[in-house]
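Given next are the chains, with one letter for each unit.
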Amino acid sequence: MATPILTIVVPCYNEEEVLPETVFRLSGVIDALITDQLVASTSTMLLVDDGSKDATWSLIERFHASNTFVTGLKLARNAGHQSALLSGLMHAKSYSDCVVSIDADLQDDTDVIREFVLKFREGFDIVYGIRQDRSADTFFKRATAQGFYKLMTSLGVKIHYNHADFRLMSKRTLDNLEKFQEVNLFLRGMVPLLGFPSTQVYYTRKERFAGESKYPLRKMLAFAFDGITSFSVTPIRFVTLMGFVLFLLSVVAALYAIVGKLLGANVTGWTSLVLSVWFIGGVQLLALGLIGEYIGKIYKEVKQRPLFVIEKVLKGSAQDAQEQAELPAVNPPSIPAASNRR
């Protein structure tokens, strides 16, 4: 196959502490791949600044001026990790044959990108990076993450166990991913829906090189809940099942009360009344909240607001070449033939 153009997309949010090392390592990966003629010489990395409040964008501009491998994309505001990643993927697909997405924290093994490219050259359109060892994570994070994957699988969501957003995708998969007009993004659940030939590469997850995690417990729980409600209606069906079970229990309780009344064995009880009211009220609020979550997602979808707004673009040689190729050919002005009249 022809030597493919590779772009490595890196979403960044307040990553000034780790970004120099990230650029250094990814530059080494790209340079080695070019030397071994596995990717084209116009291959680059695309650093997407997701509305950072620190010096992340200034660093990206500086690296772009001194490193031919670095290109940049600045979003006008913080759009969130998934939207920032999608903006980079959609921007890179216009001039790339394959795109690798990786977080800036260097917890994913950058050396595995070579195996991604080799699998792509074998004919796979999607290569998933699977974490086979999460010993670098805390016990709580490891347990909650694995519990999330198991829960998603049990709810019928097609998702790869221990896979986040470290993957390679071909141009045609990205072209088809663009057809998904979803506002509630959960890319690790959307990509498997494409159905193109795929494979997995296993690696050991490392500790964060520098800086702080951008996914504290609150964001992790919100992300997990978004993923569940975006790809499964099982929770809302569970509410229906719970309502049916409570209806049966109420029928049994009503029969018990009627029989007790007829036999004169009823004893007026305040505790049982209060507990039943609180229980039923709590279940109703839980059901309304869950239904409201789905309605809220519908509300976001129908507004069709843009997921991200691009403020600045730092281009690379591959983009310049692609833009030149798209320019219409300009014919030289015709020279009128000389007249034969004297």
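Residues numbered from 1 in each chain as written. Predicted model: local features only at pLDDT ≥ 70, side-chain atom pairs only at ≥ 80, totals over all residues. Heavy atoms only, no water.

Inclusion rule: UniProt positions are given in the numbering used here, feature names are shortened, and annotations may be inferred rather than shown by experiment.
Under the annotation held in an unreviewed UniProt entry, the chain carries the name Glycosyltransferase family 2 protein and is attributed to Paenibacillus chondroitinus. What UniProt records for the chain under Subcellular location (unreviewed entry) is the sentence "Membrane".

## Notes on the pattern of salt bridges
Our working definition: Salt bridges are identified by distance alone: a Lys or Arg side-chain nitrogen within 4 Å of an Asp or Glu carboxyl oxygen. Only DSSP runs of H or I with at least four residues qualify as helices, and only runs of E with at least two residues qualify as strands; both kinds are numbered from the N terminus onward. Remark: exposure states derive from per-residue accessible area (1.4 Å probe, protein chains only) relative to the maximum for the residue type, with buried under 20%, exposed over 50%, and partly exposed in between.
This structure, assessed with the given rule, holds nine salt bridges. The salt bridge involving lysine 74 is made with aspartate 49; its shortest N-O contact spans 3.5 Å. Placement of lysine 74 in strand 3 (residues 70–75) and of aspartate 49 in strand 2 (residues 44–49) is noted, with a sequence separation of 25 residues between them. Using a relative accessible area of 15% as the deciding quantity, one classes lysine 74 as buried. The structure contains a network of salt bridges with shared partners spanning Lys93, Asp175 and Glu178.

## Brief notes about the pairing of strand 5 (residues 126–133)
Using the following cut-off: Here, strands pair whenever DSSP counts at least two bridges between them.
Of all eight residues in strand 5, six are buried, a share of seventy percent or more. As paired strands, strand 5 and strand 6 (residues 163–170) are joined by four bridges and run antiparallel to one another. Bridge pairing in strand 6 places tyrosine 128 opposite arginine 167. Judged from the seven bridges that link them, strand 5 and strand 7 (residues 198–204) form a sheet pairing that is parallel. If you follow isoleucine 126 over to strand 7, its bridge partner there is serine 198.

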